[in-house]
Amino acid sequence: QSVLTQPPSVSGAPGQRVTISCTGSSSNIGARYDVHWYQQVPGTAPRLLIYDNNNRPSGVPDRFSGSKSGTSASLTISGLQAEDEADYFCQSYDYMLSGSRVFGTGTKVTVL
Amino acid sequence: QVQLVQSGAEVKKPGASVKVSCKASGYTFGNHDIDWVRQANGQGLEWMGWMNPKSGNTGYAQRFQGRVTMTRNSSISIAYMELRSLTYEDTAVYYCIRGLGGPANRRFDPWGQGTLVTVSA
């Protein structure tokens, strides 16, 4: 049902860099619609992490960064910390789906 | 601070309806859309639709059209989401969210705490 594909899981040791991909198509990311990222710690609601491809809301550490190219986007965590263990979702807009906002399949980040 | 507080957990029988409320505070209610997203246990996020509190206009994801209604009471800054003809597949946590940005670059911030709706005979 999700039109944006993410790897189910990624892992890294504290201090390492991890990157999560979000692959879409010509009707969403490839059509130049912005990509946003959310972090969801188990048992809590998601929170906005990155908006408009590469902007951080106030309070989000600068170790989180985003990028977009073609039909894909990426979220990078530089200097992984234990508290970064969570699920991460990308989100965009798809013009083929009658004005629909669409989410990625989600990626579980594990800190080893 | 900007906050969305949702109503409590619900248990419904198949075929019934559920109405979830979402009280906004900390900002001007009419200035931003309210979107609804649901998440089945351990699954991904599914966008359901949006409602403009000022005009009452709505837009629903295709798979929910005819079964969902989003409304509001602007005088008390509360948004509502009603889902009808519930099936077991509707068991999920339902989130209300403030929508920022235009229709095509909508982002969601903040999220309500979520309301668990369980469909059980």
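Note that the structure is a prediction, hence the values are computed from the model and not measured. (Residues numbered from 1 in each chain as written. Chains lettered and ligands numbered in written order. Predicted model: local features only at pLDDT ≥ 70, side-chain atom pairs only at ≥ 80, totals over all residues. Heavy atoms only, no water.)

Caption draft 1: Broad picture of the overall build of chain A. When its secondary structure is counted, chain A shows 0 helices and 9 strands. Reading the helices (α) and strands (β) of chain A from amino to carboxyl end gives β-β-β-β-β-β-β-β-β. Computed over its C-alpha atoms, the radius of gyration of chain A comes to 13 Å, within 12% of the 13 Å expected for a compact globule of 112 residues. C-alpha extents for chain A along the principal axes are approximately 40 × 25 × 20 Å. When burial is assessed residue by residue, chain A has 47% of its 112 residues classed as buried. By sequence separation, contacts in chain A at least 24 residues apart represent 57% of the contacts at least 6 residues apart. Accessible surface computed for chain A: about 4,900 Å², of which carbon and sulfur atoms make up 45%. One way to put it: in chain A the 8 positive side-chain charges average out to a point 4 Å from where the 8 negative ones average out. (Helix = DSSP H or I, 4+ residues; strand = E, 2+ residues; numbered from the N terminus. Rg over C-alpha atoms; globule rule 2.2 N^0.38 Å. Buried < 20%, exposed > 50% of the residue type's maximum accessible area, 1.4 Å probe, protein only. Contact = heavy atoms within 4.5 Å. Areas by Shrake-Rupley, 256 points an atom, 1.4 Å probe, with all protein chains shown as cover. Lys, Arg positive; Asp, Glu negative; His and termini not counted. Charge placed at Lys NZ, Arg CZ, Asp CG, Glu CD.)

Caption draft 2: Spatial organisation of the interface of chain A and chain B. Each partner contributes to the interface: chain A provides 19 residues, whereas chain B provides 20 residues. Buried surface at the junction of chain A and chain B, summed over both partners, amounts to about 1,800 Å²; 56% is from carbon and sulfur atoms. Counting across the interface, chain A meets chain B through 1 salt bridge. One salt bridge in this structure joins R101(A) and D35(B), with 3.5 Å as the shortest N-O distance. For the pair chain A and chain B, the number of links is 8 residue pairs in polar contact (both at pLDDT 80 or more). Those elements that place two or more of their residues in the side of chain A that touches chain B are β3 (36-40), β7 (86-94) and β8 (100-103) of chain A. Split into classes, the residues belonging to the side of chain A that touches chain B amount to 9 nonpolar, 7 polar and 3 charged. (Buried area = accessible area lost by both parts, 1.4 Å probe. Salt bridge = Lys/Arg side-chain N within 4 Å of Asp/Glu carboxyl O. Polar contact = N/O pair within 3.5 Å; in protein donor to acceptor, adjacent residues only side chain to side chain. Nonpolar A, V, L, I, M, F, W, Y, C, P; charged D, E, K, R; others polar.)

Caption draft 3: Main features of the state of the cysteines. All names here are of chain A. Under the defined criterion, the tally for this structure stands at 2 disulfides over all chains. Across a sulfur-sulfur distance of 2.1 Å, C22 and C90 are joined as a disulfide pair. Judged by the sign of its S-S torsion, about 75 degrees, the cystine formed by C22 and C90 is right-handed. In this pair, C22 sits in strand β2 (residues 17-23) while C90 sits in strand β7, placing the two residues 68 residues apart along the sequence. (Disulfide = S-S within 2.5 Å.)

Caption draft 4: Just the environment of A16(B), in detail. For A16(B), the location among the structural elements is in the loop between β2 (10-12) and β3 (18-25). A16(B) gets classed as partly exposed once you look at its relative accessible area, which sits at 25%.

Caption draft 5: Local environment of unusual backbone geometry. Cis rather than trans, the peptide bond between D109(B) and P110(B) has omega equal to -5 degrees. Relative to the assigned elements, P110(B) resides in strand β10 (residues 107-111). Residue D52(A) is not a glycine yet carries a positive backbone phi of 50 degrees. Tracing the backbone through its elements, the reader meets D52(A) in the loop between β4 (47-50) and β5 (64-69). Phi angles above zero are rare outside glycine, and S85(B) is one such case at about 50 degrees. Mapped onto the elements, S85(B) comes out in the loop between β8 (78-83) and β9 (92-100).

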